Amino acid sequence: MKLVTAIIKPFKLDPVRSALAEVGVTGMTLTEVRGFGRQKGHTELYRGAEYHVDFLPKIKLEIAVDSGRLDDVIEAIQSSAGSGRIGDGKIFVAELDQVIRIRTGERDQDAI
Amino acid sequence: MKLVTAIIKPFKLDPVRSALAEVGVTGMTLTEVRGFGRQKGHTELYRGAEYHVDFLPKIKLEIAVDSGRLDDVIEAIQSSAGSGRIGDGKIFVAELDQVIRIRTGERDQDAI
Amino acid sequence: MKLVTAIIKPFKLDPVRSALAEVGVTGMTLTEVRGFGRQKGHTELYRGAEYHVDFLPKIKLEIAVDSGRLDDVIEAIQSSAGSGRIGDGKIFVAELDQVIRIRTGERDQDAI
Amino acid sequence: MEAIIETRYALDTFYFLVCAALVMWMAAGFTMLEAGLVRAKNTVEILTKNVALYSVACLLYMIIGYNLMYPAEGINGFWPGVDWLLSATDHGTEAVLASDGEIYYSRLSDFMFQVVFVATAMSIVSGAVAERMKLWSFLAFAVILTGFIYPVQGYWSWGGGFLDGLGYSDYAGSGIVHMAGAAAALAGVVLLGPRQGRFGPDGKARAIPGANLPLATLGTFILWMGWFGFNGGSELAVSSVESANNVARVFVNTNAAAAAGLVAALLVARTAFGKADLTMALNGALAGLVSITAEPLAPAPVQAALIGLVGGGLVVGSIVLLDKLKIDDPVGAISVHGTCGIWGVLIVLWTNSDATWGGQLAGLAVIGGFVFAMSFAFWGILRATVGLRVHPDDEAAGLDRVDCGMEAYPEFAPAGGD
Amino acid sequence: MEAIIETRYALDTFYFLVCAALVMWMAAGFTMLEAGLVRAKNTVEILTKNVALYSVACLLYMIIGYNLMYPAEGINGFWPGVDWLLSATDHGTEAVLASDGEIYYSRLSDFMFQVVFVATAMSIVSGAVAERMKLWSFLAFAVILTGFIYPVQGYWSWGGGFLDGLGYSDYAGSGIVHMAGAAAALAGVVLLGPRQGRFGPDGKARAIPGANLPLATLGTFILWMGWFGFNGGSELAVSSVESANNVARVFVNTNAAAAAGLVAALLVARTAFGKADLTMALNGALAGLVSITAEPLAPAPVQAALIGLVGGGLVVGSIVLLDKLKIDDPVGAISVHGTCGIWGVLIVLWTNSDATWGGQLAGLAVIGGFVFAMSFAFWGILRATVGLRVHPDDEAAGLDRVDCGMEAYPEFAPAGGD
Amino acid sequence: MEAIIETRYALDTFYFLVCAALVMWMAAGFTMLEAGLVRAKNTVEILTKNVALYSVACLLYMIIGYNLMYPAEGINGFWPGVDWLLSATDHGTEAVLASDGEIYYSRLSDFMFQVVFVATAMSIVSGAVAERMKLWSFLAFAVILTGFIYPVQGYWSWGGGFLDGLGYSDYAGSGIVHMAGAAAALAGVVLLGPRQGRFGPDGKARAIPGANLPLATLGTFILWMGWFGFNGGSELAVSSVESANNVARVFVNTNAAAAAGLVAALLVARTAFGKADLTMALNGALAGLVSITAEPLAPAPVQAALIGLVGGGLVVGSIVLLDKLKIDDPVGAISVHGTCGIWGVLIVLWTNSDATWGGQLAGLAVIGGFVFAMSFAFWGILRATVGLRVHPDDEAAGLDRVDCGMEAYPEFAPAGGD
Ligand SMILES: Nc1ncnc2c1ncn2[C@@H]1O[C@H](COP(=O)(O)OP(=O)(O)O)[C@@H](O)[C@H]1O
Ligand SMILES: Nc1ncnc2c1ncn2[C@@H]1O[C@H](COP(=O)(O)OP(=O)(O)O)[C@@H](O)[C@H]1O
Ligand SMILES: Nc1ncnc2c1ncn2[C@@H]1O[C@H](COP(=O)(O)OP(=O)(O)O)[C@@H](O)[C@H]1O
């Protein structure tokens, strides 16, 4: 099983969720994060003094998937989250040893 | 070492924390997240227009543990976080290469 | 590739970011989290009744890095995030299978 | 001479209306105070309760309450008799001129002033039962309190009933309005029980911090300002040198008591708890205000400050004591309006030589007993029928979602989870 | 006798100023209401719009508007003639004494009262066009509305123009102020279009919840309080028994209509949507207030409550209907002030026997038509030149960042992302 | 005739009390403004400071301050003599009637009006020293300022002391209240130093955005409204044609100056910084208000607007300049009340022909010098003994936790970390 972590632009949440539903993803966890990268933040003046907004609001989606579905999931995110503009985000994939559904105690494939 | 990530219902935080303390877990990191899964969100009417709350508030606990303690930790979470109702959450386990305590520079087992 | 996760004190964000920039890190993702560990929370009285603040505000930085740069990155965080006082935080390192830049589809090293 | 009588009538009426607007403003004060002291997930509901209770109070008092409280002729000292719907007629110019100063303000201005008082009494209740009571049960009770319970006991003192005859002295209503509201609240809280998690398994009180303290502070300032109308208007006239002096003195004393109450509560809390507890300070100001309300005219300003000072200290002790008794009052309403209402009624004896122990104690016993008993009965009926308390799961998830279907701060605070 | 005339002049003037302060306070009410009902990312901008429009209205009305609306001598019933800058002179004591009661309040107190009315009209607009209009285009329109459109139509009714001659009856401005504001808003909204995502691909309305409902509630209370000045001051005198009675009645009726409007909207929303929709309840109170504003004096209090009750029901229906028509009004301003403004003007016929169908319909048609047409034209010019609407990306990111460079709640809410 | 004198006494007293209630309301305005402009982690503390300082001011002025400022008989033009505790007696009806118009309002109404002024002066200080000063040191200073420094210099002008003799003209206190408060604040800020991180290692100012701008906007509206009482009440009478006209004119001018100040600051900020800076606009409105306060009666409304306009421009420049000088004033209090206070006192010369350069400059020098020097001394003593500034770690963690043990928004904002 893999844990797919996608950092996306907040306004892309709806399309990404739909795209994931289409490839059969039924669960995910969302965190509001802030990202720093090639996309530059902006400098504002507040009462005449500068302040820099380096970290921009992003949404992080974590999706545990069966390894067999990994490519579909990546593909779905990639095609739905892109605006073609800098700052569209990243996808990270890592290995998961175990997945457990708390309610039933089901494990791994069954628990996703 | 393993990183145990548990997604739980917010009101289960206190019991889970106690259960973890009993199996010797002394540290963890908490994030407020929102989850989407089998547990359906709800639809509300605001000024007569619909809006869907798909993502429900959850709490994510991340706990770095020594591999030897892994089963105890999973067991502790499972027994304390369950309400038997849908949406109780998931536990993910992944491998950790290294753990470092910033203050002392201690590593791995010692740093947990 | 590795995913470095650093839990630090919020007021250390600026020095850590600078230190990371110096070792060539150009991207990272920040989450506001709350931590529980050896650093004890505090007990307050609100209207004469007690309440415990167990979880203290921390910042979690996630940084995907090329394995070759791992040691530099760890070293940078460790030297910039420490205040020498309890609660300075932890660094976790885990393996990343894949990294994908959504905008371009670039993968792995190129995507970081 | 006629022109003078007209002008004085106009001035007294206008004064009444200005004071009424200030007291109406107190409804916003209670709303903000309570909205600041509950958790985010129950905020829409408390807002809804407050705007609705004010409206219900205004309608019910118009439909029946005012006529009950101030009947053309009461049946006897206990029972005012029933007369529906506020009449629209007011004093004619000729009647005013012929009255030799007896008629000196507009009847409807009197209604306007009185109607905002009944809303105040009901506002006291909403805070104490916050975060766990069903919205519609609460509003049903509001109908009863504002249409029946409050006006009937109000008749006994201010409408010329038997308490007035017994010499009960309560200038602007420490007992008639504030303690009455607190008695109704206490009855509700007893039947309702504390919020989930308010008392630990060990029985010790656990704090449930309010979500928005600037709002609570704003509410307190609004109440403080509105109280100038509440007490100042209760002189009922301003157009002579004496009454003008009296109104001024009431303003000064009201302000002094509030200031002293705040300082006392802040210092007591600092001493007892080690920190400057803002919410106690806010309660202290209100405690000072309630304490002076039964007699804001007779004391010298320094006496007023002392009365408020004691009130501010009392309120802190009372809040801690209620916690010990496991009576859960999220905003401290019972302590502020009940405990300090009693203190206010009793301390009248210090500065007003017309007041008697007998009269004051009778007032406290009758008003407190009647309002508590009637409220207990109505709350009990509601509990037995539609129920008072929301489902435990709904309480955990927050009343906003269940009763109102929306969040107060959808972008800031995570909604109560489930 | 002279002293009496002076005193009455003073009392009427003071009454006017107190009412003006209350109406000025409504500017804060609109601001809080609107700031509570928009999303966090557009909050600084709506705050800026509101403080700026109040200021622009005050300056423009001083520079030209007041003279347009109340010319020394109008050219004819349609055109008031131009006269710049508010004069500083006021009525001399001798002139007052000699006037035999004709001159009974200070000219500048009249200006003060009137100037806050024009600000009210403009405030109505800001809510309806929120979250997508360019700040500076909006302020340019404010100059036109407060300096020209509003005063000219105001002249027709209150300044002695032709609508007054046609018997149009509008005590405090359900039509002249509220419907006028709503007409200007509607024209803007039509040209501006709905917010991104407000209507789904299926055409169905999608909710965009407001970020801070306690603020919206506070705003409503402020408006409710301020309305006592708005309607109460429109009697224009208080210093006789009759006028004092009238002012008292206006207070009572205004309050009753608001309370009934709130209750009606709450119940209708509960029935139609299944939950107690706080924002509808708030709109209901305002609906009641607008409904009674055209005639707050003639009705008995119970009639006033009924008028407000219908208004409160109407507003819910109107909001749902506008959604069906894809007219996006984030705060419900067009329904509250437009729909209920029309209802208010028509229902005058029920209680005021001097009003005629002809007069009322003429008033509605002329004011609504003129303000809509002129506004449409000016909004159109702005759209064609500097543009009305912000760039879609900026709308997504939030107007605060684009127009104001700061966030309303930098520590609570994530800024609109991009 | 006697009835007339009584009625006028009553009207003037009532007017005074209404104005006092409005000025009292300004305390809420300062509180909201400051609570909106600090960070979340210091919000409870600034709320506590504000409610406590208002209370301390009211008590101290009652205990000693009022008697110092308005002594029965001053010892000489500099030293008023000591007389403890506000007396409760007021003017008897006979004395009023016999006074031939000399005595025309209640003594306690005068106290009520004056006491809210001293609170205003102290409120100015709290904003400037926000986010780093110890709560109890601040309150100790409040005792000194409101019980001694303010009343003594107040005596010099308004109590009949030597500044009055020198012809210093300051209608409602641009200098006596506002610049005085700013001078006390400046002394504190100089001794206290800037907040951590306010100036970069390069010496450049770095912004520290306020946590809640709707609150800051509400505070500004409250202050604007309250200022009608502040300036309008300073006419001290309303019951003749002339005084009524004057009060009306003061209202109009006060409003015009605020509106113009807001517009000026908004435009200047837009030009200089590229965006519509809401916080500057708010400061601009207050700047306009302070600027007109020294002479709100003599100017024509257009002149008042110009005076406010300049004030609104000045305040932006002053804020930027103080940043350059590394004087850290989180809310802009020193610029609003100090810089514009000076401007206000000087511009009296334009419209009031009785004012002299000598008198105005003397006033500025004496008040500014005395208040700054005394404040500097007392702040210095506090610094040397109990300390002025919280521990750097506590400053980082936020004053709320350290001083008050609670959070303002526990569910929204992460508490300051450590
Ligand atoms: N090395 C990294 N580690 C973790 N997160 C990263 C890293 N680089 C970028 N990100 C995340 O991805 C987001 C987008 O990256 P950015 O470089 O701005 O644009 P792009 O992906 O289009 O090149 C960032 O805001 C950040 O949240
Ligand atoms: N595939 C997944 N990847 C990541 N998180 C998931 C996944 N499925 C569920 N979750 C998380 O677990 C929570 C509970 O899941 P849900 O399916 O609603 O209930 P249950 O676990 O009882 O079947 C979700 O709200 C979500 O946060
Ligand atoms: N076992 C753990 N798993 C996950 N996070 C941890 C763990 N232990 C500590 N942390 C995180 O590290 C932070 C600092 O840890 P703490 O024990 O308080 O101090 P120190 O690292 O100086 O010993 C905690 O607040 C928590 O967020």
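Just so it is clear, the structure is predicted and the values come from calculations on it, not from any experiment. (Residues numbered from 1 in each chain as written. Chains lettered and ligands numbered in written order. Predicted model: local features only at pLDDT ≥ 70, side-chain atom pairs only at ≥ 80, totals over all residues. Heavy atoms only, no water.)

**A word on the arrangement of the chains**
Where we set the bar: Any pair of residues with heavy atoms lying within 4.5 Å of one another is described as a contacting pair.
Regarding chain A and chain D, the two do not touch, and the least distance separating their C-alpha atoms is 11 Å. You won't find any contact between chain C and chain E; their C-alpha atoms come no closer than 11 Å.

**Considering the interface of chain F and chain D**
To keep it simple, the criterion reads: Two parts placed together each lose some accessible area; with a 1.4 Å probe, that loss summed over both constitutes the buried area. By definition, a salt bridge exists where a carboxyl oxygen of Asp or Glu is found within 4 Å of a side-chain nitrogen of Lys or Arg. Whenever two N or O atoms come within 3.5 Å, that pair is a polar contact, provided that in protein one can donate a hydrogen and the other can accept it, and provided that, for residues adjacent in sequence, both atoms are side-chain atoms. Put simply, DSSP marks the helices as runs of H or I at least four residues long and the strands as runs of E at least two long, and each gets a number from the N terminus on. Residues are grouped as follows: Ala, Val, Leu, Ile, Met, Phe, Trp, Tyr, Cys and Pro are nonpolar; Asp, Glu, Lys and Arg are charged; every other residue, Gly included, is polar.
Counting residues at the interface gives 62 residues for chain F and 59 residues for chain D. Across the chain F to chain D interface the summed buried area is about 4800 Å²; carbon plus sulfur atoms make up 81%. When the area that chain F buries against chain D is broken down by residue, the three leading residues are Phe14(F), Glu411(F) and Phe412(F), summing to 14%. At the boundary of chain F with chain D, the tally comes to zero salt bridges. At the boundary of chain F and chain D, one finds nine residue pairs in polar contact (both at pLDDT 80 or more). Mapped by element, the contributors of at least two residues to the side of chain F that touches chain D are helix 1 (2–37), helix 2 (43–69), helix 3 (93–98), helix 4 (107–128), helix 5 (135–157), helix 8 (213–232) and helix 15 (399–404) of chain F. Here the side of chain F that touches chain D is built from residues that sort into 44 nonpolar, 12 polar and six charged.

**Examining the packing of aromatic side chains**
Residues and elements named next belong to chain E. Cut-off, in case you're wondering: Any Phe, Tyr or Trp ring, taking Trp's six-membered ring, that has another such ring centre within 6.5 Å forms a pair; planes under 30 degrees apart are called stacked, those over 60 apart edge-to-face, and the others tilted. With a 1.4 Å probe rolled over the protein chains alone, any residue whose accessible area is under 20% of its type maximum counts as buried; one over 50% counts as exposed, and the rest are partly exposed.
Evaluation of the coordinates by the stated rule reveals 87 aromatic pairs over all chains. Where Trp 227 meets Phe 230, the ring centres are 5.7 Å apart and the plane angle is 45°; that geometry is what we call tilted. With Trp 227 and Phe 230 both in helix 8 (residues 213–232), this residue pair falls three residues apart, about one helical turn. Relative accessible area serves as the criterion here: at 0%, Trp 227 is assigned to the buried category.

**A closer look at the site of ligand 2**
Just so we agree on the cut-off: Only a single heavy atom is needed: when it lies within 4 Å of a molecule or strand, its residue is near that molecule or strand. The Shrake-Rupley method, run with a 1.4 Å probe, gives the accessible areas here. Residue values count only the displayed protein chains as cover.
Lining the immediate surroundings of ligand 2 are 22 residues, of which Thr29(A), Ala64(A), Arg103(A), Arg38(B) and Gly87(B) lie closest. Near ligand 2, the surrounding residues belong to chains A and B. Take Ala64(A): an N or O atom from its main chain is 2.8 Å from a nitrogen atom of ligand 2. Here an oxygen atom of ligand 2 and a backbone polar atom of Gln39(B) are 2.9 Å apart. Starting from 550 Å² of accessible surface for ligand 2 in isolation, the protein chains cover 98%. Broken down by secondary-structure element, the contributors of at least two residues to the shell around ligand 2 are strand 2 (28–36) and strand 5 (56–65) of chain A together with strand 2 (28–36) and strand 6 (90–95) of chain B. Residue contributions to the shell around ligand 2 peak at three residues, all from strand 5 of chain A. Among the residues making up the shell around ligand 2, the classes are represented as eight nonpolar, seven polar and seven charged.

**A few points about the site of ligand 3**
Lining the immediate environment of ligand 3, one finds 22 residues, of which Thr29(B), Ala64(B), Arg103(B), Arg38(C) and Gly87(C) sit closest. Flanking ligand 3 are residues from chains B and C. At 3.3 Å, a backbone N or O of Phe36(C) approaches an oxygen atom of ligand 3. The contact in question runs from an oxygen atom of ligand 3 to an N or O atom on the backbone of Gly89(C), over 3.3 Å. Only strand 2 and strand 5 (56–65) of chain B together with strand 2 (28–36) and strand 6 (90–95) of chain C provide two or more residues apiece to the shell around ligand 3. No other element matches the three residues that strand 5 of chain B contributes to the shell around ligand 3. Residues of the shell around ligand 3, tallied by class, amount to eight nonpolar, seven polar and seven charged.

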